[in-house]
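Take a look at the letters that make up each chain.
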Amino acid sequence: DVKVTQSSRYLVKRTGEKVFLECVQDMDHENMFWYRQDPGLGLRLIYFSYDVKMKEKGDIPEGYSVSREKKERFSLILESASTNQTSMYLCASSYSSDQETQYFGPGTRLLVL
Amino acid sequence: GQNIDQPTEMTATEGAIVQINCTYQTSGFNGLFWYQQHAGEAPTFLSYNVLDGLEEKGRFSSFLSRSKGYSYLLLKELQMKDSASYLCAVIYNFNKFYFGSGTKLNVKP
């Protein structure tokens, strides 16, 4: 079974803090994705990566950055957390972006105070 | 993004059949997924359609019409455990995923 894990299920941070969300997959997937999910807005793509050290902006990259130093790990960074970044963050991975499904991690619910 | 529309919420009775519709912009379309998401959990894959027609998988079936920009997910013999949100997602231009807002399905006894 594909396993995608995220470093925390719940996280509480203060405005202005730097926040790291980690995602690890164990199936040697080339592609990894970070989404946020908000009520009424569905899942929105923040960043994705097709290979190590490669990243591309999704629909809402502002206020976020990513890092992919190793194939199995994709990190989402909030340089200076703001209250409007309170959300559920979901990581996903896949073998290819046009044929295979994405496998999701359990999600990290982030609250920024 | 890409105007992926699906109803916000639906209610159906245990044992019944329910159809959840999804419409999308057709330009650049490469494929359509349906995911199930229980409250507080990650989405899980249900189906993938890239050609027109009906794909059946047990109690769940998914239909696609590429020319109409239309898909539906059909759930038969509804069970209480089917209460969840159902997400329609479309791939555009081979590398961009867009999700609808999801349809919350309430199954009542």
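The structure this text deals with has already been given above.
Note that the coordinates shown come from a computational prediction; the quantities given were computed from them, not determined experimentally.

## Section: the overall build of chain A
Moving on, step 1. Across its full length, chain A carries 0 helices and 11 strands.
Moving on, step 2. When the helices and strands of chain A are placed in sequence order, the string is β-β-β-β-β-β-β-β-β-β-β.
Moving on, step 3. Expected size for 113 residues packed as a compact globule is a radius of gyration near 13 Å; at 13 Å, chain A falls within 12% of this value.
Moving on, step 4. In terms of its C-alpha atoms, chain A occupies a principal-axis envelope of roughly 40 × 30 × 25 Å.
Moving on, step 5. Sorting the 113 residues of chain A into buried and exposed places 49% on the buried side.
Moving on, step 6. Across chain A, contacts joining residues at least 24 apart in sequence account for 56% of those joining residues at least 6 apart.
Moving on, step 7. A total of about 5400 Å² of accessible surface is found on chain A, and carbon and sulfur atoms cover 49% of it.

## With respect to the overall build of chain B
Moving on, step 1. In terms of helices and strands, chain B carries 0 helices and 10 strands.
Moving on, step 2. Helices (α) and strands (β) of chain B occur, in sequence order from the N terminus, as β-β-β-β-β-β-β-β-β-β.
Moving on, step 3. Here the C-alpha atoms of chain B give a radius of gyration of 13 Å, agreeing with the 13 Å that 2.2 N^0.38 yields for 109 residues.
Moving on, step 4. Taking the contacts inside chain B whose residues are at least 6 apart along the sequence as the reference set, 55% of them involve residues at least 24 apart.
Moving on, step 5. Here chain B has roughly 5100 Å² of accessible surface; of this, 48% comes from carbon and sulfur atoms.
Moving on, step 6. Once the 9 positive and 9 negative side-chain charges of chain B are each reduced to a mean point, those two points are 3 Å apart.

## Side note on the packing of aromatic side chains
Moving on, step 1. Taken as a whole and judged by the stated rule, the model has 20 aromatic pairs over all chains.
Moving on, step 2. Ring geometry for Phe63(B) against Tyr72(B): centres 4.9 Å apart, planes inclined by 15°, an arrangement best described as stacked.
Moving on, step 3. Residue classification places Tyr72(B) among the buried residues on the basis of a relative accessible area of 16%.
Moving on, step 4. One aromatic cluster in this structure is built from Phe33(A), Tyr35(A), Phe48(A), Tyr50(A), Phe104(A), Phe33(B), Tyr35(B), Phe45(B), Tyr48(B), Phe97(B) and Phe99(B).

## What about the sheet that holds strand S8 (residues 73-78) of chain A?
To summarise the sheet geometry, strands pair through backbone hydrogen bonds and adopt either a parallel or an antiparallel arrangement.
Residues and elements named next belong to chain A.
Moving on, step 1. If you walk across this open sheet you meet the 4 strands as S1-S3-S8-S7, and the pairing is antiparallel. Strands with a single pairing partner mark the edges of an open sheet, and in this sheet they are strand S1 (4-6) and strand S7 (64-70). Taken over all neighbouring pairs, the strand axes of this sheet differ in orientation by 20° on average, direction set aside.
Moving on, step 2. Note: S7 against S8, 5 bridges, orientation antiparallel. Following the sheet pairing, Ser67 is matched in S8 by Ser75.

## Examining the state of the cysteines
Moving on, step 1. In total, this model carries 2 disulfides over all chains according to the counting rule given.
Moving on, step 2. Paired through a disulfide, Cys23(A) and Cys91(A) show a sulfur-sulfur distance of 1.9 Å. Judged by the torsion about the S-S bond (-75°), the Cys23(A)/Cys91(A) disulfide is left-handed. A residue pair is termed long-range when its members are at least 10 positions apart, and Cys23(A) in strand S3 (residues 19-25) and Cys91(A) in strand S9 (residues 87-94) qualify at 68 residues.
Moving on, step 3. Given a relative accessible area of 0%, Cys23(A) falls into the buried group.
Moving on, step 4. Residue Cys22(B) pairs covalently with Cys88(B) via a disulfide, S to S 2.0 Å. Around the S-S axis, the bridge from Cys22(B) to Cys88(B) shows a dihedral of about -70° and counts as left-handed. Separated by 66 residues along the polypeptide, Cys22(B) in strand S2 (residues 18-23) and Cys88(B) in strand S8 (residues 84-92) bring together distant segments of the chain.

## Regarding the pairing of S9(A)
Residue and element names in this part refer to chain A.
Moving on, step 1. Most of S9 sits inside the fold, with 8 of its 8 residues counted as buried.
Moving on, step 2. Side chains Ser87, Tyr89, Cys91 and Ser93 project from S9 onto one buried face, and the interleaved Met88, Leu90, Ala92 and Ser94 project onto a second face that is buried too.
Moving on, step 3. Two elements, S9 and strand S11 (residues 108-112), share 3 bridges in a ladder whose sense is antiparallel. Among the inter-strand pairings, Ser87 is bridged to a residue of S11, identified as Leu110.
Moving on, step 4. Here S9 pairs with strand S10 (residues 103-104) via 2 bridges, running antiparallel. Note that in S10 the partner of Ser93 across the bridge is Tyr103.

Rules used in this analysis
Numbering of residues begins from 1 in every chain and follows the order in which that chain's sequence is written. The naming scheme follows written order: chains are lettered A onward, ligands numbered 1 onward. It should be noted that, the model being predicted, local features are given only for residues of pLDDT at least 70 and side-chain atom pairs only at 80 or more, the latter also being counted only at that level, while totals for whole chains, interfaces and linings use all residues. Here the side-chain values reflect all heavy atoms present in the structure, with hydrogen atoms and water set aside. To qualify as a helix, a DSSP run of H or I must reach at least 4 residues; to qualify as a strand, a run of E must reach at least 2; elements of each kind are numbered from the N terminus. With C-alpha atoms as the basis for the radius of gyration, the globule rule is written as 2.2 Å multiplied by the number of residues raised to the power 0.38. Using a 1.4 Å probe on the protein chains alone, a residue whose accessible area is under 20% of its type maximum counts as buried, one over 50% counts as exposed, and one in between counts as partly exposed. When checking whether two residues touch, look at their non-hydrogen atoms; a contact exists if any pair is within 4.5 Å. The Shrake-Rupley method, run with a 1.4 Å probe, gives the accessible areas here. Residue values count only the displayed protein chains as cover. When charges are counted, Lys and Arg are positive and Asp and Glu negative, with His and the chain ends excluded. To locate a charge, the coordinates of NZ of Lys, CZ of Arg, CG of Asp or CD of Glu are taken. Think of it this way: a Phe, Tyr or Trp ring, Trp meaning its six-membered ring, pairs with another when their centres are within 6.5 Å, and the plane angle makes it stacked under 30 degrees, edge-to-face over 60, tilted otherwise. At least two DSSP bridges between two strands are needed for those strands to be called paired. Every axis in this analysis is a line fitted to C-alpha atoms, fitted for helices over the stretch in contact. Angles between the N-to-C directions lie between 0 and 180 degrees. Here, a disulfide means two cysteine sulfur atoms that sit within 2.5 Å of each other.

Distances and angles like these do not, on their own, reveal function.
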